[in-house]
Each structure stands twice: as C-alpha cells, then as structure tokens.
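Listed here are the chains, written in short residue letters.
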Amino acid sequence: MVVGRFAPSPSGRLHLGNLFCCLLAWLSAHQQGGRVVLRVEDLDTARCPRRYALQAMEDLRWLGLTWDEGPGAGGTDGPYFQSERTALYQMALQKLEDMGLVYPCFCTRAELHAASAPHRGDGQVIYGGTCRHLTAEQAAEKARVRAPALRLRVPDEVVSFTDGHMGPYEENLARDCGDFLLRRSDGMFAYQLAVVVDDAAMGVTEVVRGSDLLDSTPRQLLLYRLLDLPSPRFCHFPLLLSHDGRRLSKRDADAGLEALMGRLGPEEILGRLAYLGGFHPSAAAASAEELLAEFDWAKVPKEDIPIPQGLFS
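Source: prediction; values computed, not measured.

Peer 1: For a negative patch on the surface, give the residues involved together with the corresponding values.
Peer 2: On the surface, a cluster of negative charge is contributed by E267, E268, E289 and E290. Of all elements in the fold, only α10 (266-276) and α11 (288-291) reach the threshold of two or more residues within the negative patch. Assignment of secondary structure puts E289 in helix α11.

Peer 1: Outline the pairing of strand β1 (residues 3-6), listing residues and values.
Peer 2: Here β1 shows no split at all, with V3 and R5 on one side and G4 and F6 on the other all buried. Relative to strand β2 (residues 35-38), β1 runs parallel, the two being bridged by 4 bridges. The residue of β2 that forms the bridge with V3 is R35. Between the parallel pair β1 and β2, the chain is carried across by helix α1 (residues 16-31), and the sense of this crossover is right-handed.

Peer 1: I'd love a proper account of the environment of R263, names of residues and values included.
Peer 2: The topology assignment puts R263 in the loop between α9 (257-261) and α10. It is 8.1 Å that separates the C-alpha atoms of R263 and F312, two residues lying 49 residues apart in sequence. Within the structure, the side chain of R263 is placed 3.0 Å from the backbone oxygen of F312, a separation counted as a polar contact.

Peer 1: With reference to specific residues and values, describe α1.
Peer 2: Compared with the 22 Å implied by 1.5 Å per residue over 16 residues, the 22 Å span of α1 between its first and last C-alpha is a close match. Counting buried positions over the 16 residues of α1 gives 12, a clear majority of the element. Buried residues of α1: L16, G17, L19, F20, C22, L23, L24, A25, W26, L27, S28 and A29, and no others. Where α1 ends, the next residue or the one after it, G33, has phi of about 75 degrees, a positive value.

Peer 1: Tell me about the packing of aromatic side chains, and name the residues and values.
Peer 2: Enumeration over the complete set of coordinates arrives at 6 aromatic pairs. Centre to centre, the rings of Y89 and F189 are 5.7 Å apart; their planes meet at 65 degrees, and the pair counts as edge-to-face. Of the two residues, Y89 is situated in helix α3 (residues 86-98) and F189 in the loop between β7 (180-183) and α7 (191-201); the sequence distance between them amounts to 100 residues. One exposure class covers both Y89 and F189, and it is buried. Clustering of aromatic rings is evident, with ring pairs tying together F161, Y169 and F234. Over the ring of F81 we find R50; its NZ or CZ atom is 3.7 Å from the centre of that ring. When the ring centre of Y52 is taken as origin, the NZ or CZ atom of R51, which lies over that ring, is 4.8 Å away.

Parameters at a glance
- Residues numbered from 1 in each chain as written.
- Predicted model: local features only at pLDDT ≥ 70, side-chain atom pairs only at ≥ 80, totals over all residues.
- Heavy atoms only, no water.
- Patch = residues over 30% accessible without salt bridge, like charges linked within 9 Å, V, L, I, M, F, W, Y side chains within 5 Å.
- Areas by Shrake-Rupley, 256 points an atom, 1.4 Å probe, with all protein chains shown as cover.
- Salt bridge = Lys/Arg side-chain N within 4 Å of Asp/Glu carboxyl O.
- Lys, Arg positive; Asp, Glu negative; His and termini not counted.
- Charge placed at Lys NZ, Arg CZ, Asp CG, Glu CD.
- Helix = DSSP H or I, 4+ residues; strand = E, 2+ residues; numbered from the N terminus.
- Buried < 20%, exposed > 50% of the residue type's maximum accessible area, 1.4 Å probe, protein only.
- Pairing = 2+ DSSP bridges.
- Right-handed = clockwise from strand over helix to strand, strands pointing away.
- Polar contact = N/O pair within 3.5 Å; in protein donor to acceptor, adjacent residues only side chain to side chain.
- Expected span 1.5 Å × (residues − 1).
- Phe/Tyr/Trp six-rings, centres within 6.5 Å; stacked < 30°, edge-to-face > 60°.
- Lys NZ or Arg CZ within 6 Å of the ring centre and 35° of its normal.

The analysis is restricted to geometry; functional conclusions fall outside its scope.
Quick look at the structure:
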C-alpha cells in the first residue's frame, strides 16, 4: 500500500505553499488507494511551539485534508512529533559512528559563509572538509573551547534517482555538497537524518514535497543506504510564488490561512490551489474528494507557479 505523509514544520500559521503540498500529497496517496501519515517536524522546539502544531492540525481538518495516522488519529509508529523521537535519531547516529563515518566539526557559521568558501549556484555552502582530518588530540583540544557539530563523511560518487515528477536528478555529494551535518553544535539533530529515520520507521513509501528540497534527496538516499533502510519514491513539485515572483513564507500575511479563512471557504481554497496545480479546469470550488478524479501528476507544472493577483481575494 502507498503511504504518503504530511510533515509540516509549525513555526507559524500554514500558508498557501504548505497547503499546496498537503493537497498534492493527500491526492497522490489516496488516488493510489493509499493512506497518509501526519508527522510534526518540530525539532527546533523554540521556533515550533506546540500551539502552532495544534493550529495546523485544526486548519487541515477544516480544509478536509485529514490524515489516517498521526496525532489525534492514532497509529503504531508514534510518537508523531519529532521533538519526542530523538532517541531514534541517536541510535541511527551511533550506527554511523560505529561505521567510522562521523566526525566532529568546529567551524563557525561565519567561517562556513566566508567569501572564500565554495558556494553552490543557489547560495548554499559546499563544506570544504576543514575538520575532516583532525586528529583525536586536535579535536579534543578544540572541544575545550567549542562544542562540535557532527558531520557525515560522504563518498566521492554520484547519487542519482528519478523523481516521480521532475525526472532524473543526480549529484556527486563530495563535489556538490560536501560532508553534511547530522547534528548541530547545540545538540539538535539535522533534518537530513531525522527525516530519513522517521519516514522509514513510519513506513512512508511516497514523499511529496517542494522542489526546493530536490537537492536534499541524494543526501537522504545515501543515508537510507548506509542505515540499511528502504527508500521511498519522491515526487517534487514546483513552488508557489507571489504574483511578483517572491517565494511564499509565513511572513506573507495575505497568503496565510488565517487571512484566507476570512475571505474564502475550504472548498474555494482547494479549488484555486488545484487550478494552480494544472489539474482543475477552473478556479471553481471543489472538495478534496471531488479533486481525486481530476488529479494527474502529468498535468502539474514543473516550473514555479506565480499566483495571479487577486486569485485568493
């Protein structure tokens, strides 16, 4: 059975980009006769207080995008809040450490973002391996001054996959990414490790998410392989942009659900989102159940989608 998931990071009220993701994930899984898990990605508890998670769940229910497993629905693979799953991440980290693939990194954020550091085209820093060859004595000396982050030694090889929507994609992790974080210096586990552990533990077979996470997939596929875990199918979709081409964020009040609920009903919001997704012929209102018959990945654009001005007014 196909098992999809919603995995919001509740640092504020849901916005149209979050809702687009939930709608596509819900439609894709249910059209295949599958089910959906809700997991709350609240690793950063300071930025993601529980009240935002509870509000997000209330909002999704209002929209009719309910889940089959997760908070309030039960299930055997909980807890469904990442902040309560750190013991699982520590076990995975220990397995990688036992393989000799983890090392401490003492580089500061300023050092990582220095002008001389290699950067990708999207501005992300390619870690140059500054701390990769520290001796145990050197690492112990640095640890007296600064708590280290932990990085994974990546192989010099190409990791490739075929995305369910965007098609073939590949990266040489050593060249295009560098050794990546598994745990931050403050002890918080990194997204890349947590999401792999959780999706595998929850039996997720299909991950639907925005194209801004496409380049995370080779890193995660490497982790699936190293941890001997089954990897899911990935489907990345284009991002919704404001009418002037900016990426949506929780700071865009007009695109936030709180503002939208004052103007539109749930089916009006879903119908407009499906119209932007290319599989609903107009912006007419429609429920999630009604959209099941229309949903088709082949109709979803591959380029980012500007929201026409006034569409959600």
